[in-house]
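# Structure at a glance
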Amino acid sequence: MTSIPTAHPAPPDRARWLALAIVMAAAFMDLVDVTIVNIAIPSIQRSEHASVGQIQWITAGYALAFAAGLITGGRLGDIHGRKRLFLVGIGGFTLASALCGFAVNPEMLVASRFLQGGMAALMVPQVLSIVHATFPAHERGKVFGLFGAIVGLGAVSGPLLGALLTEWNLFGLEWRPIFLINLPVGVLAWLLGRRFITESRAPKALKLDLVGVALVTLGLLMLLYPLIRGRELGWPLWGYGSMAGALVVFAGLVAYERRKAARDGSPLVELSLFRVKSFAAGIAVQTVFGIALGIFFLVWTLYMQLGLGWSPLRAGLTGVPFSLAVSTAAGLSVQQLVPRFGRKVLQAGALVMGAGVLLYLWEADRYGLAIASWQMALPLVVMGLGMGLIVAPLTDAVLSEVPREHAGSASGLINTVQQMGNALGLGLVSVVFFGQIDDRPAPDRAGPAFVDAFQHALWYVAAIMGAIFLLMSALPKRPAQHVEGAGQETPAGEREPEPQLVH
């Protein structure tokens, strides 16, 4: 095969819109997979007799593998072809979903979730790259608008779909259909993708930094493993040594990345980006925000199902107001509020979300085990509105002052640290939630114990939102809008090279 430069030969109209539908289906599958699992965690714990550490790894393992592989997945697509990597990723994701669905024990499920996260890291970075290579600039604004709608739909439908599939107990498979539902979607997307997606590569792809990936993964594992297993093992001395050693590994990563940047200009992490104050602050916001979300969503599910004794369906329906509020506020923040008020919108989002957490705390304390779904609606809507004000415009705010030539690296790093923060938050659940519950509480004390632990965890989430508010003061007052095709044309001579299409 030969690659020929081209101005931008758009595929036939029908083919490119089919290609868009295929990559959007893959993006939707990944989004739903993250939220669908949380709602089924209590069912998995009961049916598989999974330990506290294992149920944390079922969620954290996916986030960790996804985070560690995201930047490398994007680079592999640039080098070997985005279509090829997309097909490898979606094929592997489908296979890993089957392994999750047919797992015979918690250990196999945890291992399969690591594999699933790794395959998502190959698949997801190709989605926007394929859109960029397939659609001309003037159409991309509309396409990214469709992606926003898909994100909102995934947020709403994931918990509901997980609740329904778990509640229905199809063919006596209990929780397993939450993974098996990916099989027909994945197979169909793979078959159609082979035919309708046009291959493309970056004209000057950076080299792989596998040593950097290995150091990031090792450092995170050394930090997360003691956090997740420490409580069950009685907090052994080696656990503290491992967490301290993780800091040494991360210091080694920084030194190695500096040398690699000087040697061949293709480090995993572009350290020069951290000289941009707004980017450094934004990365801190993304990481800490990921920690808050990792803690909240897992403990919220456990509180409703194991603490209050609600069914998965009731728990899923209770979360609908939250998801709708996130989607509504996200649309308003990007289209109307941020262009007018700038950074204040994100700071208001942190305060509003923190207020929602405190309101939830008050209600959980006041009503205890007698709390009803409708009583949770107000704090969940307030939290959702706050979260929506943050999530949609945050990436643009972080990228606002990043040099154009580093926008790709910065974007990949933003997604990576958010997933790393999420994995860290899931690891901290052992400390902030399970640390408040006896190993085997008496049946009459189990419910109150989970309610108390939930309130304890919410105090941490509220404190984190306060820290995020302070960190946001370093973001630009008026974030630039980085929407493809929405801004002014790039001046002649500064235009980015188009992707090379492979025939």
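This structure is a prediction, so every number in the text was calculated from the model and none was measured.

Turning to the overall build of the chain, a few remarks are in order. Tallying secondary structure elements over the chain gives 16 helices and three strands in all. Counting the 503 residues in the chain, one finds 54% classified as buried. For the chain, the proportion of contacts with a sequence separation of at least 24, taken over those separated by at least 6, is 85%. Counting every atom, the chain has about 21,300 Å² of accessible surface; 65% of that belongs to carbon and sulfur.

Looking now at the side chain of N38. Considering the arrangement of structural elements, one finds N38 in helix 1 (residues 13-48). Excluding residues within four positions of it along the chain, N38 makes contact with T59, F297, L298 and T301.

A few words on the packing of aromatic side chains. Any aromatic ring pair is given by two values, namely how distant the centres are and how the planes are angled relative to each other. Tallied over the entire structure, the rule returns 15 aromatic pairs. Geometrically, the ring pair formed by F274 and F279 is edge-to-face, given 5.6 Å between the ring centres and 70 degrees between the ring planes. Its relative accessible area of 34% is what places F274 among the partly exposed residues. Consider the rings of F297 and W300, whose centres lie 6.3 Å apart with planes at 55 degrees: the pair is tilted. One end of the pair is F297 and the other is W300, both in helix 10 (residues 277-307) and three residues apart, which spans about a single turn.

Low-confidence regions, as indicated by low pLDDT, have predicted coordinates that should not be scrutinised in detail. Residues of the chain with pLDDT of at least 70 account for 89%, and the chain-wide mean is 84. Note on residues 1-8: pLDDT under 50 across the span, and 25 contacts to partners over four residues away in sequence or across chains. Contacts of residues 482-503 to residues separated by more than four positions or lying in other chains number 52 contacts, the stretch itself having pLDDT below 50.

For the rest of this paragraph, the subject is the environment of R195. Assignment of secondary structure puts R195 in helix 7 (residues 182-196). R195 sits in the exposed class, given a relative accessible area of 67%. Sequence spacing of R195 and A19 is 176 residues, and the spatial spacing of their C-alpha atoms is 8.9 Å.

A few words on unusual backbone geometry. A positive phi angle, close to 50 degrees, is found at N169, a residue other than glycine. Using a relative accessible area of 33% as the deciding quantity, one classes N169 as partly exposed.

Now for the packing of helix 10 against helix 14 (residues 373-399). Interhelical geometry of helix 10 versus helix 14 gives an angle of 150 degrees and a closest axis separation of 11 Å. One way to sum up the angle between helix 10 and helix 14 is to call them roughly antiparallel. Seen along the crossing, helix 10 lies across helix 14 with a hand that is left-handed. Its residues assigned to classes, the contact of helix 10 with helix 14 comprises 18 nonpolar, four polar and no charged.

What counts and what doesn't
- Along each chain, the written sequence defines residue order, and numbers are assigned to residues from 1.
- With pLDDT at 70 or above as the cut-off, local features in this predicted model cover only qualifying residues; side-chain atom pairs require 80 or more to be listed or tallied, and sums for whole chains, interfaces and linings still use all residues.
- With hydrogens and water excluded, all non-hydrogen atoms of the structure serve as input to the side-chain values.
- By definition, any uninterrupted DSSP run of H or I lasting at least four residues is a helix, any uninterrupted run of E lasting at least two residues is a strand, and each is numbered from the N terminus.
- The cut-offs for exposure are 20% and 50% of the maximum accessible area for each residue type, with area from a 1.4 Å probe on protein chains only; residues under the lower value are buried, those over the upper are exposed, and the others partly exposed.
- When checking whether two residues touch, look at their non-hydrogen atoms; a contact exists if any pair is within 4.5 Å.
- To measure how exposed things are, a 1.4 Å probe is used in the Shrake-Rupley method; for residues, cover is taken only from the protein chains shown.
- The rule is short: rings of Phe, Tyr and Trp, with Trp giving its six-membered ring, pair when the centres are within 6.5 Å, and they are stacked under 30 degrees, edge-to-face over 60, tilted in between.
- The predictor rates its confidence in each residue with pLDDT, a number between 0 and 100.
- Note on definitions: angles span 0 to 180 degrees between N-to-C directions of axes, and those axes are lines fitted to C-alpha atoms, for helices only across the stretch in contact.
- For this classification, under 35 degrees means roughly parallel, over 145 means roughly antiparallel, 65 to 115 means roughly perpendicular, and everything else is oblique.
- Definitions for this section: a left-handed crossing has its near helix turned counterclockwise from the far helix by less than a right angle. A right-handed crossing has that turn clockwise.
- Side-chain classes follow a simple rule in which Ala, Val, Leu, Ile, Met, Phe, Trp, Tyr, Cys and Pro form the nonpolar group, Asp, Glu, Lys and Arg form the charged group, and the remainder, Gly included, forms the polar group.

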